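Reading the structure
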Amino acid sequence: MQRILEPGEIEALDHNAIPRVRLPQRASIFGDRARRLKQLAAGNPIGDYLNLMASLAQAQQQALNGLSGETDSHARDQARNNLAQTHLLPLILATDQVRSPHWQTVLDQLLEQLTKASGLPPALIQLIERIRQTGANQRDSQAEAILRRNNEIVDPASAPFYAAALQVICSDLVTRFDVHDVPLLDTPGLCPCCGSMPVASVVRMDGQSQGHRYLQCGMCAAEWHMVRIKCAYCDSTKGIAYQSIEDEQAAGAAAIKAETCDECHSWLKIFYQEKDPYVEPLADDLASLTLDLLMGETVYARRQGNPLLWQAAEG
Ligand SMILES: [Zn+2]
Ligand SMILES: [Zn+2]
């Protein structure tokens, strides 16, 4: 159940001065992510993949910049905003974006950008060509399946490219709002901007957010505040524990932990900006696959995967 807080509760929240939502920065969301992915690729077991995703993120930034002139969607957003306030919904719904008039164009732009790189492996060239040749209706059903996490229909190899296009659409719409437009949902584990689940969480160290934990949305990249030592999925504050990779000397290992919940047996990564100022939750999540592999051997399940790496086994 979702509800909007009473006016008194909102005031109480305003007084403590913690930014409740950090909207993504339109001019740099994907560019920053691309830079971080490149940085993390060096010496990483999946370095080649991270470099490919860095190129994809760079293409996402260009595509997002290209959507800036689309004023028609801005008007639609405002209408959505009103709906959100009266019906207690997130600002937009990521699951609706397969109806966006722009998403397929963005997908083509991303693929076009990627093919400009030299020395692409033949398998990747074939994959890109296959997505380009896919008909519009079939692309829509694939996007729908990805957004609704319908494992039987999703093609894992092409899923990251579809997800990347949909991320651009979500970020485009969300960054057109003012942070004060974002409703307070009664479902703390869902993105108040687009209704998606978090990809990871981060304890920030910058400005007013210092020392506070934020969940980052896997689709629109908005971050929303959630107190520390609390399960993002069942809201429990009991039975929360932290696990980390044993070798703290391993690159970046000290900046990552798995937050586990004994109430619902979920886990979520938590990054510490204090340990690594350049942390970007989605990029860092992708680059720390080793922790996922280790957690895969425990009783805890990851509820939401990384949109740039489709893993069919997700619960
Ligand atoms: Zn979102
Ligand atoms: Zn839980």
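Here's a quick rundown of the structure. Nothing here was measured: the structure is a model prediction, and the numbers come from that model. (Residues numbered from 1 in each chain as written. Chains lettered and ligands numbered in written order. Predicted model: local features only at pLDDT ≥ 70, side-chain atom pairs only at ≥ 80, totals over all residues. Heavy atoms only, no water.)

**Brief notes about the nonpolar core**
- Residues W103, F161, C193 and C220 are the most contacted members of the largest nonpolar core, which totals 87 residues.
- Among the elements that line this core, the one with the most residues is helix 8 (residues 159-174), at 12 residues.
- Counting contributing residues per domain, this core is built from domain 1 (12-179) and domain 2 (181-302), each supplying no fewer than three.
- In this view, C193 contacts V21, L23, P90, L91, I92, V174, V182, C220 and A222; residues no more than four positions away in its chain are not counted. (Core = buried A, V, L, I, M, F, W, Y, C linked by side-chain atoms within 4.5 Å. Buried < 20%, exposed > 50% of the residue type's maximum accessible area, 1.4 Å probe, protein only. Helix = DSSP H or I, 4+ residues; strand = E, 2+ residues; numbered from the N terminus. Domains from an automatic or database assignment. Contact = heavy atoms within 4.5 Å.)

**Overview of the packing of helix 3 (residues 47-66) against helix 5 (residues 103-115)**
- Where helix 3 contacts helix 5, the two axes come as close as 9 Å, and the packing angle between them is 130°. With respect to each other, helix 3 and helix 5 are oriented oblique. Between helix 3 and helix 5 lies a crossing whose hand is right-handed. Between helix 3, through L52, S55, L56, A59, Q60, Q62 and A63, and helix 5, the contact on the second element is made entirely by V106, Q109, L110, Q113 and L114.
- Tallied by class, residues from the contact of helix 3 with helix 5 come to 7 nonpolar, 5 polar and no charged. (Axes fitted to C-alpha atoms, helices over the stretch in contact; angles between N-to-C directions. Parallel < 35°, antiparallel > 145°, perpendicular 65-115°, else oblique. Left-handed = near helix turned anticlockwise from the far one by under 90°. Nonpolar A, V, L, I, M, F, W, Y, C, P; charged D, E, K, R; others polar.)

**Thoughts on helix 3**
- Look at helix 3: 29 Å from first C-alpha to last across 20 residues, which is about the 28 Å you get at 1.5 Å a residue.
- All buried positions along helix 3 are accounted for by G47, L50, L52, M53, A54, L56, A57, A59, Q60, Q61, A63 and L64.
- On its buried side, helix 3 packs onto helix 2 (29-41), helix 5, helix 6 (122-133), helix 8 and helix 9 (281-287). (Expected span 1.5 Å × (residues − 1).)

**Brief notes about unusual backbone geometry**
- The phi dihedral of R149 is positive, around 50°, even though this residue is not glycine.
- Along the polypeptide, R149 turns up in the loop between helix 7 (136-147) and helix 8.
- One non-glycine residue with positive phi stands out, namely H265, at about 55°.
- You can see H265 is positioned in the loop between strand 6 (256-261) and strand 7 (266-272).
- On the accessibility criterion, H265 (35% relative accessible area) is partly exposed.

**Section: the coordination of the zinc ion (ligand 2)**
- Surrounding the zinc ion (ligand 2) are the protein donor atoms C231 (SG), C234 (SG), C261 (SG) and C264 (SG), which sit 2.3 Å from the metal.
- Coordination geometry of the zinc ion (ligand 2): the 4 donor atoms subtend angles of 105 to 114° at the metal centre, consistent with an arrangement described as tetrahedral.
- Sequence spacing of the donor residues for the zinc ion (ligand 2), all on one chain, is C-x2-C-x26-C-x2-C.
- Taking the relative accessible area as the measure of exposure, C231 reaches 4% and is therefore buried. (Donors = N, O, S within 2.8 Å, 3.2 Å for Na, K, Ca; no water. Tetrahedral: all angles 85-135°; square planar, octahedral: opposite > 155°, others 65-115°.)

**Remarks on the pattern of salt bridges**
- Taken as a whole, this structure holds 20 salt bridges when the rule is applied.
- In this structure, R99 engages D96 in a salt bridge whose closest nitrogen and oxygen atoms are separated by 3.1 Å.
- Overall, the relative accessible area of 64% leaves R99 in the exposed class.
- A salt bridge links D285 to R302; its shortest N-O distance comes to 2.8 Å. Of the two residues, D285 sits in helix 9 while R302 sits in strand 8 (residues 301-302), which places them 17 residues apart along the sequence. The same class applies to D285 as to R302, namely buried.
- Salt bridges sharing common partners tie together R22, R204, D206 and E223. (Salt bridge = Lys/Arg side-chain N within 4 Å of Asp/Glu carboxyl O.)

The quantities given are spatial measurements derived from coordinates; they are silent on function.
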